[in-house]
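As a plain string of letters, each chain reads:
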Amino acid sequence: MHVSSEVDALLDEMRKNGWESYVFGPRDSPHAVGLAHRWETCADVLVLHAEDDATAYRMPLCPDADLFAPGIVSWHYHAPAEWTIRAVLALPQPGAPDAPLAMLTPPPDCAVPSSLRRTMTIRPNPRRAHVST
């Protein structure tokens, strides 16, 4: 997946700030790339399908939560990659007065189809103990 230098720089910033990386499909030619930032009670998730096709959402972390097939979300956004990354990075931290709280049914683009998840590479955040998804 080719992305612009702006998107690549934003993705590097996310990784440096502790976001876990998921590559769906072959590492040299992925079908999609996911990043997740886990908070205590929720996770912020970004899924990149292409430079002009990205989705981000915040979901609760229930015991059997699947980061890439959420049952409910409290916020979601779908746009080109650069705007979607900027939107998820601008989300207030959970518990902040203006943090999203609503429980919404996620649109279909908030999930990575299981067919794309057959081959997956996970790079956990080295600063946190990895929790299975």
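Relevant structure appears above.
None of these values were measured; they are calculated from a predicted model.

**Side note on the pattern of salt bridges**
Applying the stated rule across the entire model yields four salt bridges. With a shortest N-O distance of 2.5 Å, Arg 58 and Asp 44 are connected by a salt bridge. Of the two residues, Arg 58 is situated in strand β4 (residues 53-60) and Asp 44 in strand β3 (residues 42-50); the sequence distance between them amounts to 14 residues. For Arg 58, a relative accessible area of 2% translates into the label buried. Of the charged contacts in the structure, one is a salt bridge between Glu 82 and Arg 86, with a shortest N-O distance of 3.1 Å. Of the two residues, Glu 82 and Arg 86 both sit in helix α2 (residues 81-89), four residues apart, roughly one turn of that helix. Among the residues examined, Arg 86 registers a relative accessible area of 40% and is labelled partly exposed.

**Some details on the pairing of strand β1 (residues 20-24)**
With five of its five residues buried, β1 lies for the most part within the structure. Both faces of β1 are covered, namely the face carrying Glu 20, Tyr 22 and Phe 24 and the face carrying Ser 21 and Val 23. As judged from the five bridges shared by β1 and strand β2 (residues 32-38), these two strands associate in the antiparallel manner. Its bridge partner being in β2, Ser 21 is matched across the sheet by Leu 35.

**Brief notes about α2**
Every buried residue of α2 is accounted for by Ala 81, Thr 84, Ile 85, Ala 87 and Val 88. In an axial view of α2, the angular spread of the buried residues amounts to 160°, which keeps them on one side of the axis. If you follow the buried residues of α2, they end up packed against α1 (5-16), β3, β4 and β5 (75-79).

**Points about the side chain of Arg 38**
Note that Arg 38 resides in strand β2. For Arg 38, the side chain forms a polar contact with the side chain of Glu 20, separated by 3.0 Å.

**What about the packing of aromatic side chains?**
A complete count under the given rule lists three aromatic pairs for this structure. For the pair Tyr 22 and Phe 68, a centre-to-centre distance of 4.9 Å together with 70° between the ring planes defines the contact as edge-to-face. Of this pair, Tyr 22 sits in strand β1 while Phe 68 sits in the loop between β4 and β5; the two residues are 46 residues apart in sequence, bridging distant segments of the chain. In terms of burial, Tyr 22 and Phe 68 fall into one category: buried. Ring centres of Trp 75 and Tyr 77 lie 6.2 Å apart, and the angle between their planes is 5°; this geometry places the pair in the stacked category. Accessibility expressed as a relative area gives 18% for Trp 75, which makes it buried. With relative accessibility at 31%, the residue Tyr 77 sits in the partly exposed group.

Calculation criteria
Residues numbered from 1 in each chain as written. Predicted model: local features only at pLDDT ≥ 70, side-chain atom pairs only at ≥ 80, totals over all residues. Heavy atoms only, no water. Salt bridge = Lys/Arg side-chain N within 4 Å of Asp/Glu carboxyl O. Helix = DSSP H or I, 4+ residues; strand = E, 2+ residues; numbered from the N terminus. Buried < 20%, exposed > 50% of the residue type's maximum accessible area, 1.4 Å probe, protein only. Pairing = 2+ DSSP bridges. Arc of directions from axis to C-beta. Contact = heavy atoms within 4.5 Å. Polar contact = N/O pair within 3.5 Å; in protein donor to acceptor, adjacent residues only side chain to side chain. Phe/Tyr/Trp six-rings, centres within 6.5 Å; stacked < 30°, edge-to-face > 60°.

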